[in-house]
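Residues per chain are reported as follows:
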Amino acid sequence: MILRPFDPWKGEMCTCPAKLSLNPYTGCPHGCLYCYASSYIPRFAECRPKVDLLRRLARESSRIRPGTLVSMSNSSDPYPSQEEWLLLSRGCLQILKERRLCVQVVTKSHLVARDADLLSGMNACVAMTITSLSESISSRLEPGAPSPARRLDAMAKLSAKGVALSARIDPIIPGINDGEIEQLAAAVSRAGARHITSSTIKAKPGIVKRITASFPHEGAALGRLFARGSKFAGSLYLPEETRYDLMLRIKECARRESVTFSTCREGWANIPGISCDGSHLLSAVGNLEKIPYFNSPT
Ligand code: SF4
């Protein structure tokens, strides 16, 4: 199946609305040190297009009721560099548009701006992930991903075309990018984001080791911090007070920027009407049962 119910790790911490997940590619070339998907997808760094993707999507989507929310993508980026010539994600958008499905694009790539013409004519929102404004930090943390400047530029282009936009400032990693929370929130808001989703780093096996290889001092401190935290759904969580303080800081930034805010998989109280994934920016989402969502520190 190309379209599958979104069910990350079957985790009780996930408060996303019900939606379908679509990954045009298997694997991802961005190489983010904190990537969770790389822990369960073999040969993850090799980005492979899904075989016969568009034909399968056309067939499966014909059975989905219009208005259903489809999230693209959750365990790979839908805009790896190959997308520039393969046009697979663009093809998916065309099919989803014809079927009148709602679409949420989650990416770290400026390439998404190429599809502004399609996205602006459908019920779609884009979530751009940006974790640092520093080229130096970003190139070590997400070595294969487009630079922060290119992502912000793509956001501004999408926003200018009227595409609903949110930013994922996610994950916050103490010692690495927590010092620029305020600047990040201001930058994404200037670029047109109307919502910010944030979360603290969760460590699947191997993640702290990977981070330590590129950030020796910060990675070691992170390991000590995780040792004081807890484990949920196979992931290490930072101590609750650390998570809470970080999320409160970014929530306050969002308030100052007049954008909505939610956390992702932190397990706190809900703000009615605000979705944890930014899908409340869509004009209407139908048909799959919506679950009450959105975490936020209160
Ligand atoms: S962009 Fe997402 S899927 Fe790709 S490596 Fe980074 S975290 Fe993993």
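Nothing here was measured: the structure is a model prediction, and the numbers come from that model. (Residues numbered from 1 in each chain as written. Predicted model: local features only at pLDDT ≥ 70, side-chain atom pairs only at ≥ 80, totals over all residues.)

## Thoughts on the pairing of strand β8 (residues 164-172)
Then comes step 1: In terms of burial, β8 is largely enclosed, as nine of its nine residues are buried.
Then comes step 2: Here strand β7 (residues 124-129) pairs with β8 via five bridges, running parallel. Among the inter-strand pairings, V126 is bridged to a residue of β8, identified as L165. (Buried ≥ 20, exposed ≤ 12 C-beta atoms within 10 Å, placed from the backbone. Helix = DSSP H or I, 4+ residues; strand = E, 2+ residues; numbered from the N terminus. Pairing = 2+ DSSP bridges.)

## Topic: the environment of A213
Then comes step 1: Its location among the elements puts A213 in helix α8 (residues 207-214).
Then comes step 2: Along the chain, A213 and R150 lie 63 residues apart, while their C-alpha atoms are 26 Å from each other.

## Structural notes on the packing of helix α1 (residues 53-61) against helix α3 (residues 88-98)
Then comes step 1: Contact pair α1 / α3: the axes reach a minimum separation of 10 Å and the direction vectors enclose 20°. It follows from the interaxial angle that α1 and α3 lie roughly parallel. Two packed elements cross with a definite hand, and for α1 against α3 that hand is right-handed. Residues L53, L54, L57, A58 and S61 of α1 lie in contact with α3, whose contacting residues are L88, G91, C92, I95 and L96.
Then comes step 2: Each residue belonging to the contact of α1 with α3 can be placed in one class, and the counts come to eight nonpolar, two polar and no charged. (Axes fitted to C-alpha atoms, helices over the stretch in contact; angles between N-to-C directions. Parallel < 35°, antiparallel > 145°, perpendicular 65-115°, else oblique. Left-handed = near helix turned anticlockwise from the far one by under 90°. Contact = placed C-beta atoms within 7 Å. Nonpolar A, V, L, I, M, F, W, Y, C, P; charged D, E, K, R; others polar.)

## Describing the site of the ligand
Then comes step 1: Lining the immediate environment of the ligand, one finds C28, H30, G31, C32, C35, A37, S38, S76, D77 and K108.
Then comes step 2: Here the residues of the shell around the ligand sort into four nonpolar, four polar and two charged. (Near = placed C-beta within 6 Å.)

## Here we look at the environment of I196
Then comes step 1: Here I196 lies in strand β9 (residues 195-200).
Then comes step 2: Residues I196 and C253, spaced 57 residues apart in sequence, show a C-alpha to C-alpha distance of 9.6 Å.

## Looking at the pairing of strand β12 (residues 260-263)
Then comes step 1: Of the two faces of β12, the one lined by T260 and S262 and the one lined by F261 and T263 are each fully buried.
Then comes step 2: Here β9 pairs with β12 via four bridges, running parallel. Bridging from a neighbouring strand, S198 pairs with T263 of β12.

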